[in-house]
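Below are the chains, spelled out letter by letter.
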Amino acid sequence: MKKILSYSLFTILFLTLYGCPVALDYAMVEPGSEKIIKELIGTWTANAEDPEAKKLVISKKDDTSYMVEVLEKGSMYMPETTILTGWIAKIDDKTFFFVQAENTSTYYHYMIKELNGKNLVTCDVSLLDGGIDTVKSTESLYNQIKTSMGMADFCSETISWTKE
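Everything quoted here is computed from the prediction, not taken from an experiment.

A. Structural context of the overall build of the protein chain. Across its full length, the protein chain carries two helices and eight strands. Walking the protein chain from its N terminus toward its C terminus, one meets helices and strands in the order α-β-β-β-β-β-β-β-α-β. A burial count over the protein chain gives 39% of its 164 residues as buried. Taking the intrachain contacts of the protein chain between residues at least 6 apart in sequence as the baseline, contacts between residues at least 24 apart amount to 54%.

Shown next, in the form of structure tokens:
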């Protein structure tokens, strides 16, 4: 019984720290505050065993937002819909991509580690300082991300994507 409890606690902790991205009620910045990056437009396939999304299409919605359609979901895919709206955010010299599922107030946040032609490397944004409990506004989320960026484990788990 003790082994089962220990394993269960470890699993919960692991998924909380390193699993699928956390759904938050706040965006890291005001949506639409940055222009889109045209290089992101296209069909992308994840080069990972079981990513949250395996294949998606990113298209231009307007000058500051994207439409994201998930064509193939992974086992950790959380939104109820496969249609999302995406935006770009900048914190210091880093570029982020955050999305919101259609008809929800929930956001998912990713950092773009590399974008080079047909190659894209992303990671889930981890809140390593105070965690999700400290996020009470867009400003507090922004500050949590900025603080977490300086920590060793920030963005240590990446997913590589290839553009078709």
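B. Examining the sheet that holds strand β5 (residues 94-101) more closely. The strand order β1-β2-β3-β4-β5-β6-β7-β8 describes a closed barrel built from eight strands, whose pairing is antiparallel. Each adjacent strand pair in this sheet contributes to an overall mean axis angle of 35 degrees, direction not counted. Pairing analysis gives four bridges linking strand β3 (residues 65-73) to strand β4 (residues 83-91), with the strands arranged antiparallel. Within β4, the position partnered with Y66 by the bridge is G86. Against the sheet, helix α2 (residues 138-149) makes contact with β4, β5 and β6 (107-116), and its axis sits at roughly 60 degrees relative to β4, the strand it touches most.

C. Layout of the pattern of salt bridges. Considering all chains together, one arrives at three salt bridges under this definition. Note that K55 and E164 form a salt bridge whose closest N and O atoms lie 2.9 Å from each other. In this pair, K55 sits in strand β2 (residues 53-62) while E164 sits in the segment after β8 (159-163), placing the two residues 109 residues apart along the sequence. Notably, a salt bridge pairs D63 with K60, separated by 3.1 Å at the nearest N-O pair. In this structure D63 comes out as partly exposed when scored by relative accessible area, which is 45%.

D. Examining the state of the cysteines more closely. Applying the stated rule across the entire model yields one disulfide. Here C123 engages in a disulfide with C155; their sulfurs sit 1.4 Å apart. On the S-S bond that ties C123 to C155, the torsion sits near -90 degrees, and the link is left-handed. Taken together, the residues C123 in strand β7 (residues 119-124) and C155 in the loop between α2 and β8 connect sequence positions 32 residues apart. Considered together, C123 and C155 belong to a single accessibility category, that of buried residues.

E. Representation of the nonpolar core in the model. Of all hydrophobic cores here, the largest spans 21 residues; its most connected members are Y66, V68 and F97. At the level of secondary structure, the elements contributing two or more residues to this core comprise β1 (42-46), β2, β3, β4, β5 and β6. Other than its neighbours up to four places away in sequence, V68 contacts L56, V57, I58, T82, I83, L84, G86, F97 and V99. Residues L24, V29, V125 and C155 belong to the second largest nonpolar core, which totals 20 residues.

F. Region of interest: the side chain of S65. Positionally, S65 belongs in strand β3. A residue is classified by how much of its surface remains accessible, and S65, at 4% relative accessible area, is buried.

The rules behind these values
Residues numbered from 1 in each chain as written. Predicted model: local features only at pLDDT ≥ 70, side-chain atom pairs only at ≥ 80, totals over all residues. Heavy atoms only, no water. Helix = DSSP H or I, 4+ residues; strand = E, 2+ residues; numbered from the N terminus. Buried < 20%, exposed > 50% of the residue type's maximum accessible area, 1.4 Å probe, protein only. Contact = heavy atoms within 4.5 Å. Pairing = 2+ DSSP bridges. Axes fitted to C-alpha atoms, helices over the stretch in contact; angles between N-to-C directions. Salt bridge = Lys/Arg side-chain N within 4 Å of Asp/Glu carboxyl O. Disulfide = S-S within 2.5 Å. Core = buried A, V, L, I, M, F, W, Y, C linked by side-chain atoms within 4.5 Å.

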